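Commentary on secondary and tertiary structure
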Amino acid sequence: MSELGDRKQLLLRAVIIEYVHGAEPISSELLSKKYDLGVKSATIRNELAEMSDQGYLEQPHTSAGRIPSDKGYRFYVDHLIESSLPKKSKEAVGSHADEGETLQQVLAHTTASLSRFLQLLSAAITYSERDLAVRSVIVSAIGPVQALLVVVLSNGHIENRVVEIPPGLTLDELGSVNALVNKSVAGKLLRQLQRVKAPIGAQDSTADKLLQIIWGVLRSISRERTRGKLVTEGEEFLFGQPEFRRDAEAFSDLLAALTEPEALYEALSGTSDQTGTVTIGRENRSEKLRKLSVVKQTFYVGEHEAGTIAIIGPTRMPYDSSIPLVNFTAKALSEGLTKFFG
């Protein structure tokens, strides 16, 4: 935080506030006229240039003003945000969690209200087979370039996958991979594999290449077995954002993300702790989501994770209202679902 002094922090906040509302690059002249910063426009211009060099701002064109970068938004979310949650927003999204309908109906009504209030895309996923655990994993060579991955689950179900063996893998290394995978996953809930990193044996070794392949397959099995329904509302609000109207590539990526839901499933899956609640731009794993931010939070039935609720929009989204509203909605959902279904 020491990299940005007090004045630069004020400027960053001002640039983000103005850009969120106007969606146009922000000039030093505008900041000088609108904000009482106690310095001349030339000084502000120099400060903005330094912040661009530090990676907090970007300049779309040589003669244009500045816009926030992903790094600038991240600093803002972590250090400068002033959360606000008006009473009317609570009333708009909190009432549906108490209506005692089916889970899917509750989520459909809640996501619709959340989307309308923020004028952004709202999404939710539910978790199924949440208590399903991994009993054991076996990797057996079935040829010089292929192996059979056998995953035995706690309900007796067996998943079989054929995986490619990296060239040069020895039988001893295959045995080590077997032992390391079992040590890492045996007894763990299947849904936990979404948030656990692959184990590392000897770094950059052939065995580690196989470990990465196996871990990708295990996560795929986890997604297939534990994810429930995906609910989305408000796609039209995203398509109407100026970023996507004037950037054909960004619009194409957005369309792909919404028509191929795997990216949304991945973005909403996993834990929503203090560091993982907001993912901004390039922090998203999927290339299709690199122009978007995701604000998410887990909701519960009793003490069990039941799903994730989220707001998805351009990186130029109103974080001050989105973050507290998503957190409030998740809490309201948890209380309502626990009351009626717990």
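Structure: see above.
Each value, and the rule that gives it
- Residues numbered from 1 in each chain as written.
- Predicted model: local features only at pLDDT ≥ 70, side-chain atom pairs only at ≥ 80, totals over all residues.
- Heavy atoms only, no water.
- Helix = DSSP H or I, 4+ residues; strand = E, 2+ residues; numbered from the N terminus.
- Buried < 20%, exposed > 50% of the residue type's maximum accessible area, 1.4 Å probe, protein only.
- Contact = heavy atoms within 4.5 Å.
- Areas by Shrake-Rupley, 256 points an atom, 1.4 Å probe, with all protein chains shown as cover.
- Lys, Arg positive; Asp, Glu negative; His and termini not counted.
- Charge placed at Lys NZ, Arg CZ, Asp CG, Glu CD.
- Pairing = 2+ DSSP bridges.
- Axes fitted to C-alpha atoms, helices over the stretch in contact; angles between N-to-C directions.
- Salt bridge = Lys/Arg side-chain N within 4 Å of Asp/Glu carboxyl O.
- Core = buried A, V, L, I, M, F, W, Y, C linked by side-chain atoms within 4.5 Å.
- Polar contact = N/O pair within 3.5 Å; in protein donor to acceptor, adjacent residues only side chain to side chain.
- Parallel < 35°, antiparallel > 145°, perpendicular 65-115°, else oblique.
- Phe/Tyr/Trp six-rings, centres within 6.5 Å; stacked < 30°, edge-to-face > 60°.
- Lys NZ or Arg CZ within 6 Å of the ring centre and 35° of its normal.

Helix and strand content of the protein: 13 helices and 10 strands. Considering the protein as a whole, with its 342 residues, one finds that 49% of them fall into the buried category. Sequence separation of 24 or more characterises 63% of the internal contacts of the protein that already satisfy a separation of 6 or more. Surface summary for the protein: the accessible area is close to 16400 Å², and the carbon and sulfur share equals 50%. Between the centroid of the 39 positive side chains of the protein and the centroid of its 43 negative side chains there is a distance of 2 Å.

A few words on the environment of Ile323. Relative to the assigned elements, Ile323 resides in helix H13 (residues 319-341). Accessibility expressed as a relative area gives 12% for Ile323, which makes it buried. Considered as a pair, Ile323 and Val77 are 246 residues apart in the sequence and their alpha carbons are 9.2 Å apart.

Spatially, three strands are ordered E4-E5-E6 in an open sheet, and the strand pairing comes out antiparallel. Either end of the sheet is taken by a strand with one partner, and the two such strands are strand E4 (134-141) and strand E6 (158-164). The sheet shows a mean angle of 20 degrees between the axes of neighbouring strands, direction not considered. Two strands pair when backbone bridges link them, and E4 and strand E5 (residues 146-153) are joined in this way by seven bridges, in the antiparallel orientation. In the strand pairing of E5, Val137 is matched with Val151.

Considering all chains together, one arrives at 18 salt bridges under this definition. Across the pair Arg290 and Glu287 runs a salt bridge whose closest N-O atoms are separated by 3.5 Å. With a relative accessible area of 24%, Arg290 lands in the partly exposed category. Among the charged side chains, a network of salt bridges with common partners joins Arg7, Lys8, Glu47 and Glu50.

Now for the nonpolar core. Most often, soluble globular proteins have nonpolar side chains that are buried together. If you look at the biggest cluster of nonpolar residues, it comprises 45 residues, and the most contacted ones within it are Leu12, Leu31, Leu48, Leu114, Phe299, Ile309 and Tyr319. Elements represented by at least two residues in this core include exactly helix H1 (6-22), helix H3 (41-53), helix H4 (70-80), helix H6 (103-118), strand E8 (278-280), strand E9 (292-301), strand E10 (304-314) and H13. With 26 residues, the next largest nonpolar core counts Val151, Val177, Leu190 and Leu211 among its residues.

A few words on the sheet that holds E8. Taking strand neighbours across the sheet as the criterion, the five strands line up as E7-E3-E10-E9-E8 in an open arrangement whose pairing is antiparallel. In the strand order of this sheet, the two ends are held by strand E7 (227-233) and E8, each with one partner. On average, each strand axis in the sheet is tilted by 20 degrees relative to the strand beside it, whichever way the strands run. Both strand E3 (residues 121-127) and E7 contribute to a ladder of five bridges, which runs antiparallel. Among the inter-strand pairings, Ala123 is bridged to a residue of E7, identified as Thr232. Sheet strands in contact with helix H8 (residues 206-226) are E3 and E7, and its direction is about 75 degrees off that of E7.

A few words on the side chain of Ser52. Along the polypeptide, Ser52 turns up in helix H3. For Ser52, a relative accessible area of 18% translates into the label buried. A distance of 2.8 Å separates a polar atom in the side chain of Ser52 from a polar atom in the side chain of Arg66. Ignoring anything within four residues of it in the chain, the contact list for Ser52 reads Leu57, Glu58 and Arg66.

So, on to unusual backbone geometry. One non-glycine residue, Ala23, adopts positive backbone phi at about 60 degrees. With respect to the helices and strands, the residue Ala23 is situated in the loop between H1 and helix H2 (28-34). At Gln119, a position not held by glycine, the phi torsion is positive, near 60 degrees.

All right, on to the packing of H1 against H4 then. When two helices pack together, you describe them by how their axes are tilted relative to each other and by the distance separating the axes. Orientation of H1 relative to H4, taken along the N-to-C sense of each, is 110 degrees, at an axis distance of 10 Å. By the criterion of interaxial angle, the relationship of H1 to H4 is roughly perpendicular. Between H1, through Gln9, Leu12, Arg13, Ile16 and Tyr19, and H4, the contact on the second element is made entirely by Gly72, Tyr73, Phe75, Tyr76 and Leu80.

The next point concerns the pairing of E3. E3 sits mainly inside the fold: seven of its seven residues count as buried. Burial along E3 is two-sided: the face carrying Leu121, Ala123, Ile125 and Tyr127 and the face carrying Ser122, Ala124 and Thr126 are both buried. Here six bridges tie E3 to E10, and the two strands are oriented antiparallel to one another. Paired with Ala124 across the strands is Ile309, a residue of E10.

Okay, the pairing of E9 next. With respect to burial, E9 is a largely interior element, nine of its 10 residues being buried. Joining the antiparallel neighbours E9 and E10 is a turn of two residues, in which Gly302 adopts a positive phi near 65 degrees.

Our focus in this paragraph is the packing of aromatic side chains. Scanning the entire structure with this criterion turns up three aromatic pairs. Pairing Tyr73 with Tyr319 gives two aromatic rings, centres 5.7 Å apart and planes at 50 degrees, and the pair type is tilted. Of this pair, Tyr73 sits in helix H4 while Tyr319 sits in helix H13, placing them 246 residues apart in sequence. Just as Tyr73 is buried, Tyr319 falls in that class too. Between the NZ or CZ atom of Lys71 and the centre of the ring of Tyr56, over which it lies, the distance is 4.5 Å.

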